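Single-letter residue listing:
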Amino acid sequence: MTEAIPFIDLGAQRKRIASVLDVAIDRVLDSGAYINGPDVATFEVKLAAFCGARFAISCGNGTDALQLALMAKGIGPGDAVLVPDFTFTATAEAVALVGATPVFIDVQPADFNINAGSLEGGVQVAKAKALKPRAVIAVDLFGLSADYDELNAFCDANGLFLIADAAQSFGATFRGRKVGTLAPLTTTSFFPAKPLGCYGDGGALLTDDAELAAVLKSLRGHGQGTDKYDNVRIGMNSRLDTLQAAILSCKLDIFADEIGKRQAVAARYTEALGNRVVTPTVPSDSISVWAQYTLRIPGGRRDEVAAKLKAVSVPTAVYYRTPLHRQSAYRHFPGEGGFTVSQQLSEEVLSLPMHSYLDHGVQDRIVDALVRAL
């Protein structure tokens, strides 16, 4: 029987850092400081330093990070937040959870990120619905930063707050600047499958704004003030536990090296497949962290190709099969335009195994199987 290929090989990474990881985990277990232990603050300092942000505020998961961002800006009922249509549910879910209204914006075919040229239309749609446009959430899909120069200019001109959803892109760079410093507030996720992932759930927010950071720290801890029994605002319970912080610190130490290895894997895929399918492109002034290596297979053949690959134990994934505006929970929310690109992408995208430990032999097997399937 053909040996199955892991879509993401967390085991290989675990073997690389096993000795330091075991020491870190044992230290936390021995300390008994399982909540808000010293490893949490240590990790936050390291995370901020890695990307150059002044403040890193850890939390329970990436979705909480988005909700905390909106809560910190007082966004709620009667407000509109512009979000991409082609993304994971959490981006729009956080908006709905605070009582605001997501307004869906189509994405760009080249990089799958939000189409800044459609934001003005989204603002007008919101106003036509008697909603107050308050913010834009830009998602760096599949590991590639959106164009934050363009997005910041639009938001500044229209009085909107820009949030970077970097759940898939932490570690990426845009025009020499690292994700985490490109927008007034950045959120990220440490879900295990992310480029920087823990062994459970986790998330963080990054900002240079000291006042905003203080509000976020309060909100993640039930809205506490001077101590946990002095609650000055309505908050939530969203903590990164100490074990996960210790694990993430170990992983962060090798993260830059892993990003380099991801570049090599992506380059081999593109060289082998560039003349056979639509491969992803990265602008010369950007570095993707390749959360996914996502092809486009036109002509209605995507599912057929995926089935052929599965038959020879090569895993694939579809991110995302249904745009948000067509999902049952979100069909009643407004949007700008006809979502032509989002709909087409949902019918064509196919992601291949991608991680820092994908050796040449296994990658060649994936490529050969795909070529045969095509």
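Basis of the calculations
Residues numbered from 1 in each chain as written. Predicted model: local features only at pLDDT ≥ 70, side-chain atom pairs only at ≥ 80, totals over all residues. Heavy atoms only, no water. Helix = DSSP H or I, 4+ residues; strand = E, 2+ residues; numbered from the N terminus. Rg over C-alpha atoms; globule rule 2.2 N^0.38 Å. Buried < 20%, exposed > 50% of the residue type's maximum accessible area, 1.4 Å probe, protein only. Contact = heavy atoms within 4.5 Å. Lys, Arg positive; Asp, Glu negative; His and termini not counted. Charge placed at Lys NZ, Arg CZ, Asp CG, Glu CD. Axes fitted to C-alpha atoms, helices over the stretch in contact; angles between N-to-C directions. Parallel < 35°, antiparallel > 145°, perpendicular 65-115°, else oblique. Left-handed = near helix turned anticlockwise from the far one by under 90°. Nonpolar A, V, L, I, M, F, W, Y, C, P; charged D, E, K, R; others polar. Polar contact = N/O pair within 3.5 Å; in protein donor to acceptor, adjacent residues only side chain to side chain. Salt bridge = Lys/Arg side-chain N within 4 Å of Asp/Glu carboxyl O. Expected span 1.5 Å × (residues − 1). Arc of directions from axis to C-beta. Pairing = 2+ DSSP bridges. Core = buried A, V, L, I, M, F, W, Y, C linked by side-chain atoms within 4.5 Å.

Attention now moves to the overall build of the protein. Per the secondary structure count, the protein includes 13 helices and 13 strands. Relative to the 2.2 N^0.38 estimate, which gives 21 Å for 374 residues, the radius of gyration of the protein is 21 Å and therefore close to what a compact globule would have. For the C-alpha atoms alone, the extent of the protein along its principal axes is close to 65 × 60 × 35 Å. Counting only residues that meet the buried cut, the protein has 54% of its 374 residues in that class. Across the protein, the fraction of contacts at a sequence separation of at least 24, relative to all contacts at a separation of at least 6, is 72%. Distance between charge centroids for the protein: 3 Å, based on 35 positive and 40 negative side chains.

Let us look at the packing of helix α10 (residues 255-273) against helix α13 (residues 360-373). Where α10 meets α13, the closest approach of the two axes is 11 Å, and the angle between their N-to-C directions is 30°. In terms of axis orientation, α10 runs roughly parallel to α13. Once α10 is placed against α13, the crossing between them reads as right-handed. For the pair formed by α10 and α13, the contact residues are V265, R268, Y269, A272 and L273 on the first element and H360, Q363, D364, I366, V367, L370 and V371 on the second. Each residue belonging to the contact of α10 with α13 can be placed in one class, and the counts come to eight nonpolar, two polar and two charged.

Turning our attention to the environment of E120. Relative to the helices and strands, E120 resides in helix α6 (residues 119-128). Taking the C-alpha atoms as reference points, E120 and C155, separated by 35 residues in sequence, lie 10.0 Å from one another. Residues contacting E120, with those up to four places away along its chain left out, are F154 and N158. Within the structure, the side chain of E120 is placed 2.7 Å from the side chain of Q124, a separation counted as a polar contact.

This next bit is on the pattern of salt bridges. The tally for this structure, following the rule as stated, stands at 17 salt bridges. The salt bridge involving D39 is made with R27; its shortest N-O contact spans 2.4 Å. In this pair, D39 sits in helix α3 (residues 38-51) while R27 sits in helix α2 (residues 18-31), placing the two residues 12 residues apart along the sequence. A relative accessible area of 11% means that D39 is categorised as buried.

As a further point, take α13. The terminal C-alpha atoms of α13, which comprises 14 residues, lie 20 Å apart, in line with the 20 Å expected from a rise of 1.5 Å per residue. Within α13, the full set of buried residues consists of Q363, I366, V367, A369, L370 and A373. The buried side chains of α13 occupy one side of the element, clustering within an arc of 165° when seen end-on. The exposed set on the far side of α13, more than 90 degrees from its buried face, consists of H360, G361 and R372. Those residues of α13 hidden inside the fold are in contact with α10, β11 (293-296), α11 (302-311) and β13 (349-352). Put simply, D359 is the residue that caps the front of α13, since its side-chain oxygen is 3.1 Å from the backbone nitrogen of G361.

What follows covers the sheet that holds strand β7 (residues 177-178). Spatial strand order, β7-β6-β10: three strands in an open sheet with antiparallel pairing. In this open sheet, the two strands that pair with only one neighbour each are β7 and β10 (286-287). Where strand β6 (residues 173-174) meets β10, two bridges bridge the pair, whose relative direction is antiparallel. Looking across to β10, one finds that F174 is bridged to S286.

With that settled, consider helix α12 (residues 340-348). Looking at α12, one finds that the buried residues are V341, S342, L345, S346 and E348. Its buried side turned inward, α12 meets β11, α11 and β13.

Membership of the largest hydrophobic core comes to 47 residues, with the highest contact counts inside it found for L47, L119, Y148 and L151. Top element by residues in this core is α3. It accounts for six residues.

So, on to the side chain of D106. In this structure, D106 sits in the loop between β3 (101-105) and α6. A distance of 3.0 Å separates the side chain of D106 from the backbone nitrogen of T340, its partner in a polar contact. Once residues within four sequence positions are removed from consideration, D106 is found in contact with I114, N115, E336, F339, T340, V341 and S342.

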